[in-house]
Amino acid sequence: MPRIAVPEGISTKVFILDDDALPQIPALLDEMWPGKSAWIVADGNTWRAAGERVYRILEETGRPCCKPCILPAVPKPHPDYTLACQLAEMMPDNAVPLAVGSGVINDLIKTAAGIRKVSYCCIPTAPSVDGYTSKGSALSVGGSKKTVPCPAPAAVVADRNVLLTAPPEMAAAGYGDLAAKIVAGADWLIADALKQDPVRPEIWNIVQKDLRAWLADPADLKAIFMGLAATGYAMQQHNDSRPASGAEHLFSHVLEMEHLKYNGEEVSHGFKVSVGSVISLRLMQFFLATTLEEARRLAEPPLTVDARKKEIAELLKRRCYGEDPARLSMEKFQAGDAAFVRRKEIYAVWNSLQEKVARQLGDQEAFVKSLKDAGCPTTPEEIGLDREQSIHGIFTAQLIRRRYNILDLLYDAGLLKTAVEKMF
Ligand SMILES: [Zn+2]
């Protein structure tokens, strides 16, 4: 059975990625969950895509199977904590859950399995996100999006023939989420250079070493899934999403919390991240094109504490941005002498950091073209954002997490407004 090595010390023990991987499930169950019955959870679509076949394979090979749980396909199951709790209650005793579906089904079962303190097997039906193999799930809790702590799947069985049946926009979304690791990597280099978050080479390599190869062909779903899965392992090992996410993800989180819809449909995570990645790229290009002398000359004077508080209150006035972003963003804020000390630190690494970021980004216009070729949106308009919403999204993205990135670099250097004005 062609198993792909997973890093040591994480919850995921087995990763199978093969053209026709589903027939390998019975032997895997015998090995990892002897004596347990399989409990398949799918929705109407993913039951047709793979669930039904998995059920048949288990029956034919005489493996014990509980009655499958098939959620309705329409409306699509929501990534909601209440639903995850219901699934935890429904989960038969002494069973191993098999989550057959895309990111939402996986997050629901990941959470339900975590509540019941059992391990589970993930059978993805679309290469759409990097969250399959990460720990924690992205669910809406009481109306706001949260990362609910729970262990990653113990086994992942990805069947290429199944992934090929996924709707093209889901595969494109996965490509966007994976391509984002290029700019997210540059953000980590920025944080590292300013001693905010040191790069751990062993974690960095899990994502970055083969990233370009995984992204080379948007039609190679095996390679793309391989990259998405590796990213999840890196997040498991690092205990944090830093290896996979930078400013582009913060931009997408802002839109998620604002419940962005386009043509009546929620915009996929990968598409919001794709647009966020091009925004990150443009801001990084501003940084690369600005000499140290220009940076000093163009720098706006730092705000006073009161002026910054006012600015933040205005940006957050929709009050939908999670727990206490106002406090968090003030903790990041440097006023008075501290602001000038930070600028000195930034100027000291300006030139060397430019080199590192440029090397990480590689061919910058090829990056945008690869997103377009994969079917990802690259401009805010393509996901229904006007100029004002986009600018608001960029400034707000800087407030919602501690994670240091290009937005913080430009803000601390007194250049963020100028860079954003230039972009639009
Ligand atoms: Zn993502």
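Residues numbered from 1 in each chain as written. Predicted model: local features only at pLDDT ≥ 70, side-chain atom pairs only at ≥ 80, totals over all residues.

## Details of the overall build of the chain
Okay, step 1: Regarding its fold elements, the chain presents 19 helices and ten strands.
Okay, step 2: Taken over C-alpha atoms, the radius of gyration comes to 22 Å for the chain, in line with the 22 Å a tight globule of 424 residues would show.
Okay, step 3: Projected onto its principal axes, the C-alpha positions of the chain cover 75 × 40 × 40 Å.
Okay, step 4: The burial tally for the chain puts 47% of its 424 residues in the buried class.
Okay, step 5: Summarising the internal contacts of the chain: among those between residues at least 6 apart in sequence, 80% fall at separations of at least 24. (Helix = DSSP H or I, 4+ residues; strand = E, 2+ residues; numbered from the N terminus. Rg over C-alpha atoms; globule rule 2.2 N^0.38 Å. Buried ≥ 20, exposed ≤ 12 C-beta atoms within 10 Å, placed from the backbone. Contact = placed C-beta atoms within 7 Å.)

## Overview of the domain arrangement of the chain
One frequently used descriptor of interface size is the decrease in accessible area upon assembly of the parts.
Okay, step 1: On domain assignment, one finds that the chain holds domain 1 (14–166) and domain 2 (169–423).
Okay, step 2: If you average the C-alpha positions of domain 1 and of domain 2, the two centres end up 31 Å apart.
Okay, step 3: Contacts between domain 1 and domain 2 engage 22 residues on the former and 24 residues on the latter.
Okay, step 4: Taken together, the elements giving at least two residues each to the side of domain 1 that touches domain 2 come down to strand E1 (14–18), strand E7 (144–148), strand E8 (155–159) and helix H5 (160–163). (Domains from an automatic or database assignment.)

## Let's talk about the packing of helix H7 (residues 201–208) against helix H9 (residues 221–238)
Okay, step 1: Packing of H7 against H9 brings their axes to within 8 Å, and their N-to-C directions diverge by 165 degrees. One finds that H7 runs roughly antiparallel with respect to H9. In the packing of H7 onto H9, the handedness of the crossing is left-handed. Contact residues: Ile 203, Ile 206 and Val 207 in H7; Ala 230, Thr 231, Tyr 233, Ala 234, Gln 237 and His 238 in H9.
Okay, step 2: For the contact of H7 with H9, the class distribution of residues is six nonpolar, three polar and no charged. (Axes fitted to C-alpha atoms, helices over the stretch in contact; angles between N-to-C directions. Parallel < 35°, antiparallel > 145°, perpendicular 65-115°, else oblique. Left-handed = near helix turned anticlockwise from the far one by under 90°. Nonpolar A, V, L, I, M, F, W, Y, C, P; charged D, E, K, R; others polar.)

## Observations regarding the nonpolar core
Okay, step 1: In this structure, Val 41, Val 54, Leu 98, Val 100 and Leu 410 are the most contacted members of the largest nonpolar core, which totals 121 residues.
Okay, step 2: Considering every element that reaches this core, the biggest residue donor is helix H6 (residues 168–193), with 15 residues.
Okay, step 3: Here this core gathers at least three residues from each of two domains, domain 1 (14–166) and domain 2 (169–423).
Okay, step 4: Residues within four places of Val 100 in sequence aside, it is in contact with Ile 40, Val 41, Ala 42, Thr 46, Ala 50, Gly 51, Val 54, Ile 105, Ile 123 and Thr 125. (Core = buried A, V, L, I, M, F, W, Y, C linked by C-beta atoms within 7 Å.)

## A few points about helix H11 (residues 269–289)
Okay, step 1: The terminal C-alpha atoms of H11 lie 30 Å apart, and with 21 residues this matches the ideal 30 Å at 1.5 Å per residue to within 8%.
Okay, step 2: Counting buried positions over the 21 residues of H11 gives 16, a clear majority of the element. (Expected span 1.5 Å × (residues − 1).)

## Focus on H9
Okay, step 1: When the terminal C-alpha atoms of H9 are compared, their 26 Å separation across 18 residues agrees well with the 26 Å that a helix rising 1.5 Å per residue should span.
Okay, step 2: The element H9 is extensively covered by neighbouring structure, given that 14 of its 18 residues are classed as buried.
Okay, step 3: Of the residues one or two after H9, Asn 239 is the one with positive phi, at around 60 degrees.

## Here we look at unusual backbone geometry
Okay, step 1: Of the consecutive residues Val 74 and Pro 75, the connecting peptide bond is found in the cis state with omega at -10 degrees.
Okay, step 2: As for its position among the elements, Pro 75 is in the loop between strand E3 (69–71) and helix H3 (81–90).
Okay, step 3: At Asn 94, a position not held by glycine, the phi torsion is positive, near 55 degrees.
Okay, step 4: Here Asn 94 is to be found in the loop between H3 and strand E4 (95–101).
Okay, step 5: When the 12 C-beta atoms within 10 Å are taken as the criterion, Asn 94 is described as exposed.
Okay, step 6: With a phi close to 55 degrees, Lys 195 is a non-glycine residue in the positive phi region.

## Comments concerning the sheet that holds E3
Okay, step 1: Strand order in the open sheet made by the six strands is E1-E8-E5-E4-E2-E3, with parallel pairing throughout. Single-partner strands in this sheet number two, and they are E1 and E3. For this sheet, the mean inter-axis angle between neighbouring strands, taken without regard to orientation, is 15 degrees.
Okay, step 2: Relative to E8, E1 is paired through five bridges, and the arrangement is parallel. When the sheet's bridge partners are listed, Asp 18 is paired in E8 with Asp 159.
Okay, step 3: Across the sheet, H9 is in contact with E1 and E8; its angle to E1 comes to roughly 165 degrees. (Pairing = 2+ DSSP bridges.)

## A closer look at the pairing of E8
Okay, step 1: The buried fraction of E8 is high, at five of five residues.
Okay, step 2: Here strand E5 (residues 121–124) pairs with E8 via two bridges, running parallel. Among the inter-strand pairings, Cys 121 is bridged to a residue of E8, identified as Ala 155.

## What about the environment of Lys 135?
Okay, step 1: Structurally, the position occupied by Lys 135 is in the loop between E5 and strand E6 (137–141).
Okay, step 2: When the 20 C-beta atoms within 10 Å are taken as the criterion, Lys 135 is described as buried.
Okay, step 3: Measuring from C-alpha to C-alpha, the distance between Lys 135 and Cys 150 comes to 5.8 Å, with 15 residues separating the pair along the chain.
Okay, step 4: Apart from residues no more than four positions distant in its own chain, Lys 135 is found in contact with Ser 11, Cys 150, Pro 151, Ala 152 and Gln 236.

## As for the packing of helix H10 (residues 247–257) against H11
For any two helices packed against each other, one specifies the inter-axial angle together with the distance between the axes.
Okay, step 1: Packing of H10 against H11 brings their axes to within 7 Å, and their N-to-C directions diverge by 130 degrees. Taken together, the axes of H10 and H11 lie oblique to each other. For the pair H10 and H11, the crossing hand works out as right-handed. Residues Ala 247, Glu 248, His 249, Phe 251, Ser 252, Leu 255 and Glu 256 of H10 form the contact with H11, whose participating residues are His 269, Lys 272, Val 273, Gly 276, Ser 277, Ile 279 and Ser 280.

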